[in-house]
Amino acid sequence: MALTGLQIFKLLPKTNCGECSVPTCMAFAMKLAAKSAELSSCPYASEEAKTTIGAASKPPIRLVKIGPPEREVTIGNETVMFRHEKTFVHQTALAIALPDSEPLAELGHIIAEAREYSLERVGERLGLDLLLVDNVTDEMAPFLELVRTAAGASGMGIILRSSNLEVLEAALPLLEGRRPLIHAATPANAEAMAKLALKHKVPLVAQADSLDELAALTAKLSKLGVQDIVLDIPADNPASTLQQNTIIRKAALKHTFEPLGYPIINFVSGRDPASVVADATTCICKYGSIVVLDTFQLELLLPLMMLRQNIFTDPQKPIQVDPKVYPIGEPGPDSPVIATTNFSLTYFLVSGEIENSGVPTHLVIVESEGMSVLTAWAAGKFTGAKVASAVKASGLESQLRKRKLILPGYVAQISGEVEEGLPGWEVLVGPGESVDLAPFLKRQVAG
Ligand code: SF4
């Protein structure tokens, strides 16, 4: 049960020594209650405080790690129902299912492509996270062959799915040290699956047909010593999935109902591509911690990965790039200088258009708290003085023969202030839209 700030304060030393980087014990208690500090920051906390506060600050949704350390996937530990309340923490892991009934050579190609598939968007790498090796044949040999292929070729985290315990038992030693997730414990095989998970120190999926059964199953697994659990409750349609995911999240967060305080795995099977994207979107937006697709199609993955990136970005912290000078192309002493804000999207649009123009340019990114140009100007974060100071701090003045600075068109009003702050510079106002930047730069070079 969560403790209030006052209840936590009563357990602290009350000396206000400030060693926890907060001036008073009361302020520290408030931060603990808001889960924005950790008790370990107070070196004087008593054993009683550690026990009581530690138990109360246990995350309502367990953190579960899957996969080898170099490509570890972390899920769970979420604290809010809606991302605008704070932020969603660990993004949904995307997985593809590999049925062992398919030809191994074909699956080998898919695995290689899945491993390599990666794209960059606003400075982040997007890609697939997990492979689900599916024992649809219920036979040992094809499953083990596929596990070997997936493990050897990919380096990605693996989910092993089989209803045959012997098959799982034989596969797990092949993945020693790679922490696969095993699917699944059911009310019928809970003891044996718990034993297997504990023996190999791997996380375990708990699967049941109803929420009551699922809660009873996780309580049993927990009693048997399995703590790293992922929930699976099969549903007939996306509406049921949405409903069950929401009930589980609400039970964990609003009612601190421990038996459902685990991340969720959802399976999306293909009918037509639009339905796959729609169903997977529902799961990504509403509480699926792992979404398994039964098809590997890049055109389906792209929108899902972009959606996921947007959903799991902290709404209070716009994605930003470091404020500094970025040389685009190979700019020299006669190349122009462009200044803009450190909002990632702005940076990538502007740098992309500079590349398109073929005009090597020094791009000065001004610290503006991750805001776009007009917003930053309106908030006083992208002023003439700030731009001039960023250009001066960049050290470009000593490297340039021609001192030509181009400002975004939407903030033409700051050009006078920039000129005052940068004597000896020619200050130009560029286009408002980045799409017009390439022709503008070409004209500057030609002129
Ligand atoms: Fe209080 Fe501990 Fe912080 Fe010191 S370090 S102010 S005792 S909470």
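Here the structure is shown first, and the text comes after it.
Our subject in this report is the structure included herewith. (Residues numbered from 1 in each chain as written. Predicted model: local features only at pLDDT ≥ 70, side-chain atom pairs only at ≥ 80, totals over all residues. Heavy atoms only, no water.)

A look at the pairing of strand E11 (residues 265-268)
Test applied: Two strands qualify as a pair provided that DSSP identifies no fewer than 2 bridges between them. Labels follow the DSSP assignment, with helices taken as runs of H or I lasting at least four residues and strands as runs of E lasting at least two, numbered in each case from the N terminus. With the strands aimed away from the viewer, a crossover counts as right-handed if its path from the first strand over the helix to the second runs clockwise.
Direction of pairing for E11 relative to strand E12 (residues 290-293): parallel, over a ladder of four bridges. Note on E12: the bridge partner recorded for Phe267 is Val292. In this view, the connection linking E11 to its parallel neighbour E12 by way of helix H10 (residues 273-285) has right-handed handedness.

Some thoughts on the packing of aromatic side chains
Note the cut-off: Only the six-membered ring of Trp is used, alongside the rings of Phe and Tyr, when aromatic pairs are assigned; centres must lie within 6.5 Å, and planes under 30 degrees apart are stacked while those over 60 apart are edge-to-face, with the rest tilted.
If you walk through the whole model with that rule in mind, you get four aromatic pairs. When the ring of Phe88 is compared with that of Phe312, the centres are 5.7 Å apart and the planes differ by 50°; the resulting orientation is tilted. Linking Phe88 in the loop between strand E2 (73-75) and strand E3 (93-99) with Phe312 in the loop between helix H11 (298-311) and strand E13 (325-328), this pair joins segments that are 224 residues apart in sequence. Between Tyr326 and Tyr347 the ring centres are 4.7 Å apart and the planes differ by 50°, which places this aromatic pair in the tilted class.

Structural notes on the packing of helix H7 (residues 190-200) against helix H8 (residues 211-223)
The criterion, for reference: For helices, the axis comes from a line fit to the C-alpha atoms of the stretch in contact; other axes are also lines fit to C-alpha atoms, and the angle between any two N-to-C directions lies between 0 and 180 degrees. Any angle that falls under 35 degrees is termed roughly parallel, while one over 145 is termed roughly antiparallel, one within 65 to 115 roughly perpendicular, and all others oblique. Less than a right angle of anticlockwise turn of the near helix away from the far helix marks a crossing as left-handed, whereas a clockwise turn marks it as right-handed. The contact criterion used throughout is that any non-hydrogen atoms of two residues lie within 4.5 Å. Throughout this entry, Asp, Glu, Lys and Arg are counted as charged residues, while Ala, Val, Leu, Ile, Met, Phe, Trp, Tyr, Cys and Pro are counted as nonpolar. The remaining residues, Gly among them, count as polar.
Contact geometry for H7 and H8: axes closest at 10 Å, N-to-C directions at 45°. Relative to H8, the element H7 lies oblique. Relative to H8, H7 is oriented so that their crossing is right-handed. Only Leu217, Lys220 and Leu221 of H8 make contact with H7, whose side of the interface consists of Ala190, Glu191 and Ala194. Per-class residue counts for the contact of H7 with H8 are four nonpolar, no polar and two charged.

Thoughts on the nonpolar core
Note the cut-off: Put simply, a nonpolar core is a bunch of buried Ala, Val, Leu, Ile, Met, Phe, Trp, Tyr and Cys residues held in one set by side-chain atoms that sit within 4.5 Å of each other. Accessible area is worked out with a 1.4 Å probe on protein chains only. A residue is then buried under 20% of its type maximum, exposed over 50%, and partly exposed in between.
Core analysis: the biggest nonpolar cluster contains 72 residues, and Leu160, Ile182, Leu221 and Leu293 have the highest contact counts within it. For this core, the leading source of residues is helix H5 (residues 140-154), giving six residues. With residues up to four places along the chain from it excluded, the contact list for Ile182 reads Leu160, Leu168, Leu172, Met193, Leu196, Ala197, Val202, Pro203, Leu204 and Val205. Core analysis: the second largest hydrophobic core is formed by 22 residues, Val337, Phe382, Val387 and Val411 among them.

What to know about the pattern of salt bridges
Where side chains of opposite charge bring their charged atoms close, a pairing between them can arise. Formally: Salt bridges, as used here, are contacts in which a Lys or Arg side-chain nitrogen is within 4 Å of a carboxyl oxygen on Asp or Glu.
Considering all chains together, one arrives at twelve salt bridges under this definition. Where Glu116 meets Arg115, a salt bridge forms, and the shortest distance between an N and an O atom there is 2.9 Å. Judged by relative accessible area, Arg115 falls into the partly exposed class, the value being 29%. Between Glu120 and Arg125 there is a salt bridge whose closest N-O contact spans 3.5 Å. Judged by its relative accessible area of 46%, Glu120 falls in the partly exposed class. Classification of Arg125 by relative accessible area gives exposed; the value is 59%.

Thoughts on the site of the ligand
Stated formally: What makes a residue near a molecule or strand is one non-hydrogen atom of that residue sitting within 4 Å of it.
The environment of the ligand is formed by Pro13, Thr15, Asn16, Cys17, Gly18, Glu19, Cys20, Cys25, Phe28, Cys42 and Pro43. Classifying every residue of the shell around the ligand by side-chain character gives seven nonpolar, three polar and one charged.

What to know about a nonpolar patch on the surface
In plain terms, the rule: Residues enter a patch when their relative accessible area is above 30% and they make no salt bridge; the linking distance is 9 Å between like charges and 5 Å between nonpolar side chains (Val, Leu, Ile, Met, Phe, Trp, Tyr). In short, Shrake-Rupley with a 1.4 Å probe defines the accessible areas, and a residue's cover is counted only from the protein chains shown.
On the surface, Leu374, Trp377 and Tyr410 cluster together to form a nonpolar patch covering roughly 280 Å² of accessible area. Considering the arrangement of structural elements, one finds Leu374 in helix H13 (residues 373-378).

A closer look at the sheet that holds strand E14 (residues 337-341)
Taken together, the five strands give an open sheet; going across it, the order is E13-E15-E14-E16-E17, and neighbouring strands pair in mixed fashion. The sheet is open, and its two edges are formed by E13 and strand E17 (426-429), each paired on a single side. Between one strand and the next, the sheet's axes are offset by a mean angle of 30°, whatever the strand orientation. Of the pairings in the sheet, the one linking strand E16 (residues 404-407) to E17 comprises four bridges and is parallel in character. In the strand pairing of E17, Leu407 is matched with Val429. Sitting on the sheet, helix H12 (residues 344-357) touches E13, E14 and strand E15 (361-366), and the angle it makes with E15 is about 170°. This element, helix H14 (residues 384-394), spans E13, E14, E15 and E16 of the sheet and lies at about 125° to E15.

Focus on the side chain of Asn135
Relative to the helices and strands, Asn135 is located in the loop between strand E6 (130-134) and H5. Those residues within four positions of Asn135 in sequence are excluded, and the remaining contacts are Asp100, Phe143, Arg161, Ser162, Asn164 and Val167.

Some remarks on the sheet that holds strand E8 (residues 181-185)
Taken together, eight strands build an open sheet; the order of strands is E10-E9-E8-E7-E6-E3-E12-E11 and the sheet is parallel. The sheet is open, and its two edges are formed by strand E10 (229-232) and E11, each paired on a single side. When strand polarity is set aside, the average angle formed by the axes of neighbouring strands in this sheet is 25°. Along the sheet face, H7 touches E8 and strand E9 (204-207) and points at about 165° away from the line of E8.

Let's talk about H8
As a reminder, the rule being used: Every helix has an expected span of 1.5 Å times one less than the residues it contains. As used here, the arc is the angular range of directions from the helix axis to the C-beta atoms.
Over its 13 residues, H8 runs 18 Å from end to end, which matches the ideal 18 Å to within 8%, given 1.5 Å per residue. Within H8, burial applies to Leu211, Leu214, Ala215, Leu217, Thr218 and Leu221. Buried residues of H8 fall within an arc of 165° about the axis and therefore sit on the same side. Relative to its buried face, H8 has exposed residues pointing more than 90 degrees away, namely Asp212 and Lys223. Residues of H8 that are buried sit in contact with E8, H7, E9, E10 and helix H9 (238-254). A positive phi of about 110° marks Gly225, the residue just after H8.

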